[in-house]
Amino acid sequence: MAAKKYAGKILILAEDSCAYPGADAVGQGHQSYPANTFILRVRAAVLFPEQFYLDCFDKGVAGIIIMSCGVECPYEGAYEALAKRVDRVYELMRGRNLDIRRLRLTAICTVCTRAFIKEVNLMNDVVSELGPPGREGPVTT
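Residues numbered from 1 in each chain as written. Predicted model: local features only at pLDDT ≥ 70, side-chain atom pairs only at ≥ 80, totals over all residues. Heavy atoms only, no water.

## Thoughts on the sheet that holds strand β1 (residues 9-15)
In any sheet, the strands associate via hydrogen bonds between backbone groups, in a parallel or an antiparallel arrangement. Strand order in the open sheet made by the four strands is β2-β1-β3-β4, with parallel pairing throughout. Of all the strands in the sheet, the pair left with one neighbour each is β2 (37-42) and β4 (103-107). In this sheet, adjacent strand axes meet at a mean angle of 20 degrees when their direction is disregarded. Two strands pair when backbone bridges link them, and β1 and β2 are joined in this way by six bridges, in the parallel orientation. From the neighbouring strand, I12 faces β2, where its bridge partner is I39. Along the sheet face, helix α1 (residues 19-28) touches β1, β2 and β3 (61-68) and points at about 120 degrees away from the line of β1. Across the sheet, helix α3 (residues 78-95) is in contact with β1, β3 and β4; its angle to β4 comes to roughly 165 degrees. (Pairing = 2+ DSSP bridges. Helix = DSSP H or I, 4+ residues; strand = E, 2+ residues; numbered from the N terminus. Axes fitted to C-alpha atoms, helices over the stretch in contact; angles between N-to-C directions. Contact = heavy atoms within 4.5 Å.)

Right under this line is the structure:
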């Protein structure tokens with residue numbers, strides 16, 4: 001009998017003006033993605049401080065995908081600020097021996113259903129490989 005794969009919670013921060021409509025299109029198209037995925041509709045992911053991500057991992061969230069509008073963001077400079085924030089979170093994650101693959105920043109448009117599903121499946125694979133957060137051991141990346 002094969003061992004059951006770990007299916008930890010995956011949180012998606014889906015920006016209101018791009019990624020959330022993309023996620024909605026996935027649902028309307030009756031396409032499926034892993035059931036351990038939770039989508040949070042946000043105005044702008046840049047509004048979430050570094051500690052938010054660490055708190056999520058502390059509370060058992062195994063992976064986080066930030067689905068933004070990328071450089072098409074309607075808020076000037078927001079994407080660049082978000083990318084810098086994610087880099088700072090990566091440093092904090094390394095300090096806690098959390099594998100940085102648990103956090104991913106990607107751009108998803110309003111009709112990018114295949115890209116949405118691909119990102120969720122990729123994160124699901126990473127989470128399955130790593131197991132619960134904080135159990136990776138020393139991180140070398």
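Now that the structure has been shown, the text picks up again.
## As for the pattern of salt bridges
Counted according to the given criterion, the structure contains nine salt bridges. Between D58 and R96 there is a salt bridge, with its nearest N and O atoms 3.0 Å apart. Taken together, the residues D58 in helix α2 (residues 50-58) and R96 in the loop between α3 and β4 connect sequence positions 38 residues apart. For D58, a relative accessible area of 53% gives the class exposed. (Salt bridge = Lys/Arg side-chain N within 4 Å of Asp/Glu carboxyl O. Buried < 20%, exposed > 50% of the residue type's maximum accessible area, 1.4 Å probe, protein only.)

## Here's the deal with the nonpolar core
By size, the foremost hydrophobic cluster in this structure holds 24 residues, and its most contacted members are Y53, I64, I66, L82, M93 and L103. A per-element tally of this core places α3 first, with six residues. Formed by 19 residues, the second largest nonpolar core is a distinct cluster that contains A14, V120, M123 and V126. (Core = buried A, V, L, I, M, F, W, Y, C linked by side-chain atoms within 4.5 Å.)

## As for the environment of F57
By the element assignment, F57 lies in helix α2. Taking the C-alpha atoms as reference points, F57 and L103, separated by 46 residues in sequence, lie 9.8 Å from one another. With sequence-adjacent residues up to four places away left out, F57 is seen in contact with A62, G63, I64, M93, L98, R102, L103 and P133.

## What about the confidence of the model for the chain?
Confidence along the chain averages 87 in pLDDT terms, with 91% of residues attaining 70 or more. By mean pLDDT, the top-scoring element of the chain is α2 (97), and the lowest-scoring one is α1 (78). (pLDDT = per-residue confidence, 0-100.)

## Thoughts on α1
All of the buried residues in α1 are A19, G22, A23 and V26. Buried positions in α1, seen along its axis, are confined to an arc of 100 degrees and lie on one side of it. H30, located one to two residues past α1, shows a positive phi value of around 55 degrees. (Arc of directions from axis to C-beta.)

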